[in-house]
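These are the residues of each chain, in order.
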Amino acid sequence: MEQVEHEVQRDAFKTVTAFRTELYASLLTRGDALFELCDALLCTDGPVRTLVDLALAPEHRRGHGALYAGLNQGRIDVARLRRALAGVPLPRAADGRLVLAVDVSPWLRPDADTCSDRSFCHTFGRGLGKHQMVPGWPYSIVAALETGRTSWTALLDAIRLEPGADLAAVTAVQVREVVERLIAAGQWQPGQPDVLVVLDAGYDAPRIAYLLADMPIEVLGRLRSDRVMRNPVPVPWVCPPQGGRPPKHGGEFVFGTPDTWGEAAAVTSTDTERYGIATAQAWDRLHPRLTRRAAWGDHEGPLPIIEGTVIRLTVAKLPSGGVNKPVWLWWSGTGAAAEDVDRCWQAFLRRFDVEHTFRLLKQTLGWTRPKLRNSAAADRWTWLVLAAHAQLRLARPLARDLRRPWERPAEPNRLTPARVRRGFRNLRAKTGTPARAPKPTRPGPGRPLGSKNRRSATRHDVGRVLATGESYTRPTHHKKGTKPRRTTDDGRQRAARVTASAGDLQGANHGEQL
């Protein structure tokens, strides 16, 4: 047993060392400063509050000027880093398939008028549980999910959504490129189960499945509870006496009307520890009725029929004690058996592990803490955070539980990412660093004492796109600096008019009293 554990740790050490070497090779410009910044992010005690505090870590041998220069002027070979993330060992489901989750997490910058490429990001829970649109940088992140309850995921890709981007089209391209890299890295072979992509309710799952129909991918997405789907046309179809062409769509399947559901193709019941009895009903070959508007307005030829399986999941209780509502899912496969239905809804529950990863990135690793002006610098910092998270996941077998006195002991294979991060400084001492030592330099003269900045930063509007596809621009009379500046004479004349009006009013009131 000890020999097997020793071999596992040895393989993990080799994997971590190889990934750190590949990470350093992907840092093309100012690579030493960027690599030491990533090490400081991993070895700093406690959550990251500000970016400049990382320059005080012993692992960051350079000054704070090199830190900001690396983010603002550095260059990362993102394609090579993506291939490195796809080539490391990835978690798999019980049947050996890869389960990927896609979600958007915003980097909110509501008051940063000098930041470019900002979009309105959908946020929930900011005060009284309201839905709000806040300016920021939305990032679409793809992660591989593990089995069972865990706070670990394997981050594979992250892209920043441009203002007015088509979410479904961008997601389809992103998932296609991720799966192609996984195939090139040997993570998927012909004959293995298709890759399952899990989406939340904000995505158009049928359209994404249509765009990825030529890939070994299955799409599982959540649907709103007010949706209406269509049944297939009954076969054989009986022509009415008045004649006419055969219909393309069958009867309606209204989620809120049980009378339209009909008999379910499969029904499963599973006893769970947290949710009690979980009951899943599945209806086969249901599809949405598409119309030539929005995303399908420019579609050439007849609109497709995108059939899939609709799953309705109900549980006996919720761990939080909240309102128990059914969950509607749409799976791109057809002819689902009982085991397929259970696999789908269980994989969807694992999608919430991505929320733990987002909380770790923002609250512990400080992903959204830096107040960066350039969106390209934000992209570089995002990739450094993803690389740091990948190193934490690869170092799980090598980490020791450095728990606080008030924390409960945890098994070595059940450590959270924050606990693994506590001991990464000890691991870094063994792996070493490929970054070169800094060269001694003298600080520049800087700005002369008492001088002011004469080059004001450019202000950018939040990116909005109209229904016509054109970008929205603020009207001229709403922009700052378009009104003529008021001179001193104009101010005196206005004051004189106000005084005269006040005198006339007092005289009129006095006359009325007499």
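What you see is a predicted model, and the numbers here were worked out from it, not measured in a lab. (Residues numbered from 1 in each chain as written. Predicted model: local features only at pLDDT ≥ 70, side-chain atom pairs only at ≥ 80, totals over all residues. Heavy atoms only, no water.)

Engineer: Can you walk me through the pairing of strand β5 (residues 131–145) in this structure?
Structural biologist: It is a general feature of regular strands that their side chains alternate between the two faces of the sheet. In terms of burial, β5 is a largely internal element, 12 of the 15 residues being buried. As judged from the 9 bridges shared by strand β3 (residues 99–108) and β5, these two strands associate in the antiparallel manner. When the sheet's bridge partners are listed, L100 is paired in β5 with A144. Pairing analysis gives 6 bridges linking strand β4 (residues 119–124) to β5, with the strands arranged antiparallel. Opposite T123, over in β5, you have Q132 as the bridge partner. Across 7 bridges, the pairing between β5 and strand β6 (residues 153–160) is antiparallel. Opposite V142, over in β6, you have D157 as the bridge partner. (Buried < 20%, exposed > 50% of the residue type's maximum accessible area, 1.4 Å probe, protein only. Helix = DSSP H or I, 4+ residues; strand = E, 2+ residues; numbered from the N terminus. Pairing = 2+ DSSP bridges.)

Engineer: Looking at this structure, I do not really get the pairing of strand β14 (residues 327–331). What am I missing?
Structural biologist: Across the 5 residues of β14, 5 count as buried, placing the element largely inside the fold. Of the two faces of β14, both are covered, the one formed by V327, L329 and W331 as well as the one formed by W328 and W330. In terms of strand pairing, strand β8 (residues 217–223) meets β14 through 4 bridges, oriented antiparallel. Paired with R222 across the bridge in β14 is L329.

Engineer: Mind showing me how you'd approach the packing of aromatic side chains here?
Structural biologist: With the rule as written, the count across this model stands at 14 aromatic pairs. Measuring from centroid to centroid gives 6.3 Å for F253 and W261, while their planes differ by 20 degrees, and the two rings are stacked. As far as the burial class goes, F253 and W261 line up, both buried. On the basis of an interplanar angle of 80 degrees and a centroid distance of 6.2 Å, the ring pair of F253 and W328 is categorised as edge-to-face. One end of the pair, F253, is in strand β10 (residues 252–254); the other, W328, is in strand β14, and 75 residues separate them in sequence. Residue W328 is classed as buried on the basis of its relative accessible area, which comes to 3%. Joined through ring pairs, the aromatic side chains of F253, F255, W261, W283 and W328 make up one cluster. Sitting over the ring of F352, R351 keeps its end group 4.9 Å from the ring centre. (Phe/Tyr/Trp six-rings, centres within 6.5 Å; stacked < 30°, edge-to-face > 60°. Lys NZ or Arg CZ within 6 Å of the ring centre and 35° of its normal.)

Engineer: Sorry, what's going on with the packing of helix α3 (residues 64–73) against helix α9 (residues 375–394) here?
Structural biologist: At a minimum axis distance of 7 Å, the contact between α3 and α9 shows a crossing angle of 105 degrees. When the axes of α3 and α9 are compared, the pair comes out roughly perpendicular. The segment α3 lies against α9, with G70, L71, N72 and Q73 engaging A377, R380, W381 and L384. In the contact of α3 with α9, the residues fall into 4 nonpolar, 3 polar and 1 charged. (Axes fitted to C-alpha atoms, helices over the stretch in contact; angles between N-to-C directions. Parallel < 35°, antiparallel > 145°, perpendicular 65-115°, else oblique. Contact = heavy atoms within 4.5 Å. Nonpolar A, V, L, I, M, F, W, Y, C, P; charged D, E, K, R; others polar.)

Engineer: I would appreciate a short explanation of the nonpolar core in the present structure.
Structural biologist: Nonpolar side chains in soluble globular proteins generally cluster together in the buried interior. One finds F19, L54, L100, F253 and W381 to be the most contacted residues of the largest nonpolar core, which totals 122 residues. Broken down by element, the residue count for this core peaks at 12 residues, all from α9. Here F19 is in contact with L81, A84, L85, V88, A387, A390, Q391 and L394, once residues within four sequence places are set aside. (Core = buried A, V, L, I, M, F, W, Y, C linked by side-chain atoms within 4.5 Å.)

Engineer: Just checking my understanding: could you explain the pattern of salt bridges for this structure?
Structural biologist: A side chain with one charge can pair with a side chain of the opposite charge if their charged atoms come near. Applying the stated rule across the entire model yields 31 salt bridges. Here E59 and R425 are joined by a salt bridge, their closest N and O atoms 2.8 Å apart. Of this pair, E59 sits in the loop between α2 (31–43) and α3 while R425 sits in helix α11 (residues 424–431), and the two are 366 residues apart along the sequence. Among the salt bridges present, the one from R285 reaches E307, with a minimum N-O distance of 3.1 Å. With a gap of 22 residues between them, R285 in strand β12 (residues 276–286) and E307 in the loop between β12 and β13 (308–315) connect regions that are remote in the sequence. In this structure R285 comes out as partly exposed when scored by relative accessible area, which is 38%. Ionic contacts of the salt-bridge type, sharing partners, join the residues D32, E36, R61, R62 and R436 into one network. (Salt bridge = Lys/Arg side-chain N within 4 Å of Asp/Glu carboxyl O.)

Engineer: Teacher, can you tell me more about unusual backbone geometry here?
Structural biologist: Glycine aside, residues mostly have negative phi angles, and peptide bonds mostly take the trans form. Of note, R285 is a non-glycine position whose phi angle comes to about 60 degrees, a positive value. Here the phi dihedral of A294 falls at roughly 55 degrees; this positive angle occurs in a residue that is not glycine.

Engineer: I keep staring at α3 and nothing clicks. Help me out?
Structural biologist: Note that an α-helix has 3.6 residues per turn; residues three or four places apart therefore point the same way. For α3, every residue scored as buried is listed here: L67, A69, G70 and L71. In this structure, the buried residues of α3 make contact with α2 and α9.

Engineer: Explain the side chain of R393 here, please?
Structural biologist: Mapped onto the elements, R393 comes out in helix α9. For R393, the residues in contact, after removing those within four places along its chain, are V88, P89, L90, P91, W152, T153 and A154.

Engineer: I tried to follow the side chain of E36 on my own but got confused; where do I start?
Structural biologist: When you line up the elements, E36 lands in helix α2. Separated by 2.7 Å, the side chains of E36 and R61 make a polar contact. Here E36 is in contact with E59, H60, R61, R62, A435 and R436, once residues within four sequence places are set aside. (Polar contact = N/O pair within 3.5 Å; in protein donor to acceptor, adjacent residues only side chain to side chain.)

Engineer: Just to check I follow, could you spell out the state of the cysteines for this structure?
Structural biologist: What we call a disulfide is simply a covalent bond connecting the sulfur atoms of a pair of cysteines. The final tally for this structure, using the stated rule, is 0 disulfides. The thiol of C38 is not disulfide-bonded; the next cysteine sulfur, from C43, is found 9.2 Å away. Accessibility expressed as a relative area gives 1% for C38, which makes it buried. (Disulfide = S-S within 2.5 Å.)

Engineer: Got a minute to help me understand the confidence of the model for the protein in this structure?
Structural biologist: Scored by pLDDT, the protein comes out at a mean of 87, with 88% of its residues at no less than 70. Here residues 502–514 is a poorly scored stretch, pLDDT under 50, and it has 0 contacts once near neighbours within four places are set aside; other chains count. (pLDDT = per-residue confidence, 0-100.)

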